[in-house]
Amino acid sequence: MNLRVLAIALLTVAFAALGATAASATVIVSNGALYTGTIEAESEGSTTLDGPTSITCSNSTVKGSVESHGNSVTAEGAISTLTFTSCNQHVTVEAKGSLIVHEIGNSNGTLTSNGAAVKVVITSLGMTCEYSTSNTDIGTLTGSTTTGGNATLDIDSSSIPRTGGSFFCGSSAEWTGSYKVTSPSNLRAEGQTWH
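**A short note on the pairing of strand β10 (residues 108-114)**
When you tally the buried positions in β10, you get five out of seven residues, the bulk of the element. Judged from the seven bridges that link them, strand β9 (residues 98-105) and β10 form a sheet pairing that is antiparallel. By the bridge assignment, S98 is partnered in β10 with N114. A loop of two residues connects β9 with β10, the two strands running antiparallel in sequence, and N106 in this loop sits at a positive phi of about 55 degrees.

Quick look at the structure:
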């Protein structure tokens, strides 16, 4: 084997080794730049929590900041505001938790909630139901593909576990709703690879 062939073989092995040690992660991007600021979203129409009865809230808001992303990690941050108002039952947010985004392609990502807790008092049935998330998949971040457009948080979770309250509340509840990201604009999830 001549020196030229040997050099090419060694370069091929080196690049293969680099590829084997590459790590990927999810980052949040706004208007073409990495974004680590505050994200604010508000419900488009009503949100529902279906358990022993359908609990409907006319308004809901969520706000949090991107606190981690980068080499070998996903985008994650604590939720600073989580509200449900104008509801047909009494809804109290006991804990706001955190939100994790895993990029799935086409500017979108899965949404995972951890540590959020909601207590619902159903006066007509005389019972209290408590639901909490624990690394629970709750829906999808649908990223904006147009300049100045709004991303959405599409919530469609059939398995928010019941962690307290009456046995008659069932084992879980289904949370559904759509939240428009009001700030920042043109938000999306992207995968990045580091070597």
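**What to know about the state of the cysteines**
Under the defined criterion, the tally for this structure stands at two disulfides. Here C57 connects covalently by a disulfide to C87, the sulfurs 2.0 Å from one another. Looking down the S-S bond of the C57 and C87 bridge, the torsion is 105 degrees, so its handedness is right-handed. Note that C57 is positioned in strand β5 (residues 54-65) and C87 in strand β7 (residues 73-87), a separation of 30 residues in sequence. A residue is classified by how much of its surface remains accessible, and C87, at 23% relative accessible area, is partly exposed. In this model, C129 is linked to C169 through a disulfide, with the two sulfur atoms separated by 1.9 Å. An S-S torsion of about -85 degrees defines the bridge between C129 and C169 as left-handed. In this pair, C129 is assigned in strand β12 (residues 127-132) and C169 in the loop between β14 (152-165) and β15 (172-183), connecting sequence segments 40 residues apart. We classify C169 as buried; its relative accessible area is 3%. Among the cysteines of the chain that take part in disulfides, numbered as they appear in the sequence, the pairing is 1-2, 3-4.

Cut-offs applied
- Residues numbered from 1 in each chain as written.
- Predicted model: local features only at pLDDT ≥ 70, side-chain atom pairs only at ≥ 80, totals over all residues.
- Heavy atoms only, no water.
- Buried < 20%, exposed > 50% of the residue type's maximum accessible area, 1.4 Å probe, protein only.
- Helix = DSSP H or I, 4+ residues; strand = E, 2+ residues; numbered from the N terminus.
- Pairing = 2+ DSSP bridges.
- Disulfide = S-S within 2.5 Å.

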